[in-house]
Amino acid sequence: MTDIAGRTALVTGGGSGLGAAIATALHAAGAEVVVVGRDVAKLDAVAARLGDRARALACDVADEASVDALRDALAGTEVSILVNNAGVPGPVAALTDISVDDWDAVFDVNVRGTFLLCRAFLPGMTARGAGDVINVASVSGKRPLAHRTPYVASKMAVIGLTSTLAFEVGPAGVSVNSLSPGPVAGPRMERNFRLEAERSGASAAEAERDFVSRAALGRMVTEEEVAGAVIAMLGMPGLCGADIDLSAGMVA
């Protein structure tokens, strides 16, 4: 199923940032788009901006009942593209200073949410013998990222989930892959740089320069570049069980 036009794509965390950018790219490619998340106002704004072939549904991806309700609300819709993008960055702190609640909050969204959405929508794909799942992971963990252990561990868990799940549902005609962006320019990274600056005593600009110096291109990637990678992955019918780095050379 390499033709995106006419297919229905569900994008979690679709109210802003990467999720909104991915939803916009899918919509431009002709897909019916469903953006989901917790912030209804932001979701509605994205759907209104996209116009026809777009709708917004509230869902807390970490909550089993909320995900089941989302599945039921879409019972008459053939969701054939699932982009698990919802994620939280978690604390910027030494592991010994991280609370159990903060740790669990990261895993609840980043890992449990991915599991719950896959569990909810894979049966329809396998029954139809076709579908695509793209889980948004991260290059974090492939190279050291101090003071971000919950986030790094959760994203590496998503990569492991992806490779294993691909072998579970691949025989039924469903492709499961992960996309690992490097640092994406935008509010989330600006927050991280501010927190790192507070921790280290450096300026936010210095924290940013130190971070992007790890990339071969010496910069962060953009939301539009990540969205374009999703479209490119959907156009590669032989891609399954893969993890794609899009990091401006952060992992080299």
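Reading guide: rules and limits
Residues numbered from 1 in each chain as written. Predicted model: local features only at pLDDT ≥ 70, side-chain atom pairs only at ≥ 80, totals over all residues. Heavy atoms only, no water. Axes fitted to C-alpha atoms, helices over the stretch in contact; angles between N-to-C directions. Helix = DSSP H or I, 4+ residues; strand = E, 2+ residues; numbered from the N terminus. Parallel < 35°, antiparallel > 145°, perpendicular 65-115°, else oblique. Left-handed = near helix turned anticlockwise from the far one by under 90°. Contact = heavy atoms within 4.5 Å. Nonpolar A, V, L, I, M, F, W, Y, C, P; charged D, E, K, R; others polar. Salt bridge = Lys/Arg side-chain N within 4 Å of Asp/Glu carboxyl O. Buried < 20%, exposed > 50% of the residue type's maximum accessible area, 1.4 Å probe, protein only. Expected span 1.5 Å × (residues − 1). Arc of directions from axis to C-beta. Pairing = 2+ DSSP bridges.

K.L.:
Kindly report on the packing of helix α1 (residues 17–28) against helix α2 (residues 40–50), identifying the contributing residues and their values.
P.N.:
Running from amino to carboxyl end, α1 crosses α2 at an angle of 25°, the nearest separation of the two axes being 11 Å. Comparing their axes, α2 and α1 come out roughly parallel. The hand of the α1/α2 crossing is right-handed. Together, Ala20, Ala23, Thr24 and His27 of α1 and Val46, Arg49 and Leu50 of α2 make up the contact between the two elements. Here the contact of α1 with α2 is composed, by residue class, of four nonpolar, two polar and one charged.

K.L.:
Hey, could you go over the pattern of salt bridges for me, with residue numbers and the actual values?
P.N.:
Counted by the stated rule, this structure contains 10 salt bridges. Its salt-bridge partner being lysine 142, residue aspartate 245 comes within 2.6 Å of it at the nearest N-O pair. Taken together, the residues aspartate 245 in strand β7 (residues 243–246) and lysine 142 in the loop between β5 (131–136) and α5 (149–169) connect sequence positions 103 residues apart. Looking at aspartate 245, the relative accessible area reads 35%, which means it is partly exposed. Residue lysine 142 is classed as partly exposed on the basis of its relative accessible area of 27%. Its salt-bridge partner being glutamate 196, residue arginine 199 comes within 2.5 Å of it at the nearest N-O pair. Within this pair, arginine 199 and its partner glutamate 196 are both found in helix α6 (residues 187–200), separated by three residues, close to a single helical turn. Looking at glutamate 196, the relative accessible area reads 22%, which means it is partly exposed.

K.L.:
Now, about α6: what can you tell me, with residues and values included?
P.N.:
Taking 1.5 Å as the rise per residue, α6 with 14 residues should run 20 Å; its terminal C-alpha atoms sit 20 Å apart, in good agreement. Among all positions in α6, only Met189, Asn192, Phe193 and Ala197 are buried. The arc that holds every buried residue of α6, seen down its axis, measures 140°, which confines them to one face. Projecting away from the buried face of α6 at angles above 90 degrees are the exposed residues Pro187 and Glu198. Positive backbone phi, at 85°, marks glycine 201, one or two positions downstream of α6.

K.L.:
So what's going on with the environment of proline 123? Which residues, and what values?
P.N.:
Looking at the element boundaries, proline 123 is found in helix α4 (residues 100–128). C-alpha of proline 123 to C-alpha of valine 169: the two residues are 46 residues apart in sequence and 9.4 Å apart in space.

K.L.:
Describe the sheet that holds β5, listing the residues and the values that go with them.
P.N.:
Ordered by their spatial adjacency, seven strands build an open sheet running β3-β2-β1-β4-β5-β6-β7, and the pairing between neighbours is parallel. Of all strands in the sheet, those bounded by a partner on one side alone are β3 (54–58) and β7. Within this sheet the neighbouring strands show an average axis-to-axis angle of 20°, counted without direction. Pairing of strand β1 (residues 8–12) with strand β2 (residues 32–37) involves five bridges; the strand directions are parallel. Residue threonine 8 lies in a different strand from β2, and its bridge partner there is glutamate 32. The sheet strands contacting α4 are β1, β4 (79–84), β5 and β6 (174–181), and the helix crosses β4 at an angle near 160°.

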